[in-house]
Amino acid sequence: MKFTIVFKHSLFVILIAVLFCLLTFPGLAQKDSVTAKEIVRIADEKMRGLSSQGEYSMTIVRPTWSRTVIMKSWSKGTEYSMIYITSPAREKGQVFLKREKDMWNWVPSIERLIKIPPSMMMQSWMGSDFTNDDLLKESSILKDYSHELSGLEDIRGYACYKISMYPKEEAPVVWGKLVMWISTKDYHRLKTEYYDEDSYLINVENLFDIRKMDDREIPTRMEMVPVDKEGNKTIFEFRNVKFNIDIKESFFSQQNMKRVR
């Protein structure tokens, strides 16, 4: 009789402990059923949609100055994107195009179309802390990386999956490793760390201001901070975005770069 009471008490304690873990980290119940790659895919598609059209601002902050760039952007899947700069005046009209593996920049002031080679993917985009690859997404975090669920951590009050991503052999990527935190409840991407090939932390990206944008709730402000440049950061904000719009692949052409507004 005593053994039965002790056994039931122990089982009760275990059940309470399990329930506490599930309530504290609701994503834990899904850990075995949802793969790390699937978590990244859901979060990525939520931010991007099957296609999109929107207006954005990018503010480059330096210790003694700052400047803001306003732009329009169109995308279709992971293979097609176009960015049109609307201000400031000296850069207005510049267009950046990605079509499959090819990328170009149209500079109206000199009426020149410049092809962006893979060797320039790590370079700063328009003087910001984002790279060409960050904004135009030449590499794919789904296709070019392997994904590993490293555990659960809290980020600004959100229980998050911590996912480590390592480039596949021969993958055309610029980063040696990515570590991403995605909320377990709504799959919001809240933080990403960018490491070089020698595993040194280069940039930290934090995402804030979760709010309704078209048909979904997403983080609408990104802050990219280089870890070795004190006082430097770039703030990228979503102003207005429509997802899953009807847009054809033919829109993303060199000819349209000179006409788009």
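Look up a bit, the structure's there.
Analysis parameters
Throughout, a residue's number is its position along its own chain's written sequence, starting from 1. In view of the model being predicted, local features appear only for residues whose pLDDT reaches at least 70, and side-chain atom pairs are presented and counted only at 80 or more, with totals across whole chains, interfaces and linings using the full set of residues. In computing side-chain properties, one takes all heavy atoms of the structure into account and sets aside hydrogens as well as water. Every helix listed is a DSSP run of H or I at least four residues long, and every strand listed is a run of E at least two residues long, numbered separately from the N terminus. When a residue's accessible area, from a 1.4 Å probe over protein chains only, is under 20% of the maximum for its type it is buried; when over 50% it is exposed; and in between it is partly exposed. The contact rule is simple, with two residues in contact once any of their heavy atoms fall within 4.5 Å. Every accessible area reported is derived by Shrake-Rupley at a probe size of 1.4 Å, with residue values counting cover from the shown protein chains alone. Definitions used throughout: a 1 Å grid over protein atoms alone; a cavity as a set of points that fits a 1.4 Å probe which cannot get out; a pocket as an open set with protein on both sides within 12 Å along at least five of seven lines; a lining residue as one with an atom within 4 Å of a point. Grid points are joined across faces, edges and corners, and a volume is the space filled by probe spheres set on the points. Only Asp, Glu, Lys and Arg are considered charged, only Ala, Val, Leu, Ile, Met, Phe, Trp, Tyr, Cys and Pro nonpolar, and every remaining residue, Gly among them, polar. Note on terminology: a nonpolar core comprises buried Ala, Val, Leu, Ile, Met, Phe, Trp, Tyr and Cys residues joined through side-chain atoms within 4.5 Å.

Draft legend 1. Representation of the overall build of the protein in the model. Counting its regular elements, the protein contains four helices and 13 strands. Burial analysis of the protein (261 residues in total) assigns 47% to the buried set. Within the protein, residue pairs in contact and separated by at least 24 positions form 47% of the contacts whose partners lie at least 6 positions apart. Within the structure as shown, the protein displays about 14,200 Å² of accessible surface, and the carbon and sulfur contribution to it stands at 54%.

Draft legend 2. Layout of the layout of surface pockets. As a volume, the second largest pocket reaches approximately 240 Å³. Lining the second largest pocket are 15 residues, and of these Ser 128, Asp 129, Asn 203, Pro 226 and Lys 229 sit closest to its centre. Per-class residue counts for the lining of the second largest pocket are five nonpolar, six polar and four charged.

Draft legend 3. Here's a closer look at the environment of Ala 43. The topology assignment puts Ala 43 in helix α2 (residues 36-48). Look at Ala 43 and you get buried, because its relative accessible area is 1%. Each C-alpha atom, one on Ala 43 and one on Arg 189, is 6.1 Å from the other, the two residues being 146 residues apart in sequence. Apart from the residues within four sequence positions on either side, Ala 43 is in contact with Ile 182 and Tyr 187.

Draft legend 4. Summary view of the nonpolar core. Formed by 43 residues in total, the largest nonpolar core has its most connected members in Met 58, Met 71 and Phe 238. Looking at this core element by element, the count peaks at five residues for α2. Leave out the neighbours within four places in its chain, and Phe 238 touches Met 47, Glu 55, Tyr 56, Arg 211, Met 213, Ile 218, Pro 219, Thr 220 and Met 222. Of all hydrophobic cores here, the second largest spans twelve residues; its members include Met 82, Trp 104, Phe 252 and Val 260.

Draft legend 5. Looking closely at the environment of Ile 83. Mapping Ile 83 onto the fold places it in strand β3 (residues 80-87). A sequence separation of 27 residues divides Ile 83 from Tyr 56, and the C-alpha atoms of the two residues are 9.9 Å apart.

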